[in-house]
Amino acid sequence: MRGWDVEHGQQRLVLEGHTHWVRCCALGAHGLLTGSYDGTLRLWDVDSQSTRATLQHHTRPVIDCALSPDGSRAVSVSLDQTLCIWELPSGELLQSIEA
């Protein structure tokens, strides 16, 4: 994933780790959360451009993700028809709900 300074037209960020397209992202207190067609989410430390945690449970592409206002929880939904709730920054799966 690449991040850009749109005002100056300069690339500011390169995050490598997902093995397929990134579908969604959310910025919060613990970093940047990305969800991918590889079925994983990653929590990134934006300053060091490194992965803080890889969240794995989905068996199909992640299609959306969101963070709680305080950044302590994340929610993801996937084409595997599950919704997952995660604790951050550890990346521990708290609950998986099937459709």
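See the structure above.
Presented here is an overview of the structure given in this document.

## Brief notes about unusual backbone geometry
And then number 1: A cis geometry characterises the amide bond from Leu88 onward to Pro89, with omega recorded as 10°.
And then number 2: Tracing the backbone shows Pro89 in the loop between strand 9 (82-87) and strand 10 (92-98).
And then number 3: The backbone of Gln49 sits at a positive phi, close to 55°, despite the residue not being glycine.
And then number 4: By the secondary structure assignment, Gln49 is in the loop between strand 5 (40-45) and strand 6 (50-56).
And then number 5: Owing to a relative accessible area of 33%, Gln49 belongs among the partly exposed residues under this scheme.
And then number 6: Phi angles above zero are rare outside glycine, and Gln81 is one such case at about 65°.
And then number 7: On the secondary structure map, Gln81 appears in the loop between strand 8 (73-78) and strand 9.

Reading the values: rules and limits
- Residues numbered from 1 in each chain as written.
- Predicted model: local features only at pLDDT ≥ 70, side-chain atom pairs only at ≥ 80, totals over all residues.
- Heavy atoms only, no water.
- Helix = DSSP H or I, 4+ residues; strand = E, 2+ residues; numbered from the N terminus.
- Buried < 20%, exposed > 50% of the residue type's maximum accessible area, 1.4 Å probe, protein only.

By themselves, these are just geometric observations and shouldn't be taken as functional.
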